[in-house]
Amino acid sequence: MALSYSQGTGTTPLLGETIGANFDRAVATFPERDALIVRHQGLRLTYGELGENVDWTARALHALGLRKGDRLGIWAPNCGEWVHVQFATAKLGIILVNINPAFRTTELAYALRQSGCRALIAAPEFKGSDYRAIVDEVRDDLPELEHVFFLGDEVHALVRSAPAEIEWPELDFDEPINIQYTSGTTGAPKGATLSHHNILNNGYFVGEFCRYTEEDRVCIPVPFYHCFGMVMGNLGC
């Protein structure tokens, strides 16, 4: 059975590629240009350096046994590691589950359980909330959650243990790659499953509308856990 696409009139065609393929093309085209600057971490990476970090992160996740279609949650404020994980999961076909840093015990447990996360990468704490204690409180009720790593030494050790080579999976741009949750203010948070095609084109057309070029720099003060930050921000760039 062949698939067909219907789209509104326009002069710019949709991108028909995965996030990983699009990212690798940017890395190959602009390896010496600045790609990511995180002021509060003192981090400045070129596209070449960012590409290396993303691949090391991806190989580390693969070595854990995570494969295409598995879910990995990320529960952290904006940081360089967030970007590494975003692109690493996309290159492996692992579905990234964005978790609002403001979530508390019940909301975190619900999102991890409802999405079926096998792994979680989290900040140690945020705005006075002890994330380690919260994860400890809910983990026994989450039998599918096999791996938990906290940003800092644990994630650094995970990446350093990555193998030099893995077998990269074959991916299709229509496959799911991201789950984003509503705030849950009127009930349980509701997850929306998004594909490479969804969010890559969202970021691309926002960038086109803003007339971005490789000469531009974009400040992203909004959180990565929702579309504005990770899609219109990171993917648009």
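What you are looking at is a predicted structure, and each value in this text was computed from that prediction instead of being measured. (Residues numbered from 1 in each chain as written. Predicted model: local features only at pLDDT ≥ 70, side-chain atom pairs only at ≥ 80, totals over all residues. Heavy atoms only, no water.)

Caption draft 1: How the structure looks around helix H5 (residues 131–139). Along H5, the residues that are buried comprise Tyr131, Ile134, Val135 and Val138. End-on view of H5: buried residues confined to an arc of 100 degrees, all on one side of the axis. In H5, the exposed residues that point more than 90 degrees away from the buried face are Asp136 and Glu137. For H5, the capping residue at the N-terminal end is Asp130, with a side-chain oxygen 3.1 Å from the backbone nitrogen of Arg132. (Buried < 20%, exposed > 50% of the residue type's maximum accessible area, 1.4 Å probe, protein only. Helix = DSSP H or I, 4+ residues; strand = E, 2+ residues; numbered from the N terminus. Arc of directions from axis to C-beta. Polar contact = N/O pair within 3.5 Å; in protein donor to acceptor, adjacent residues only side chain to side chain.)

Caption draft 2: Quick peek at the packing of aromatic side chains. Scanning all chains against the criterion turns up four aromatic pairs. Relative to Phe87, the ring of Phe23 has its centre 4.4 Å away and its plane inclined at 25 degrees; by these criteria the two rings are stacked. In this pair, Phe23 sits in helix H1 (residues 19–29) while Phe87 sits in helix H3 (residues 80–92), placing the two residues 64 residues apart along the sequence. Residue Phe87 is classed as buried on the basis of its relative accessible area, which comes to 7%. Between Arg59 and the ring centre of Trp56, over which it is positioned, the NZ or CZ distance is 4.2 Å. The ring of Phe150 has Arg132 sitting right over it, with the charged end atom 4.5 Å from the ring centre. (Phe/Tyr/Trp six-rings, centres within 6.5 Å; stacked < 30°, edge-to-face > 60°. Lys NZ or Arg CZ within 6 Å of the ring centre and 35° of its normal.)

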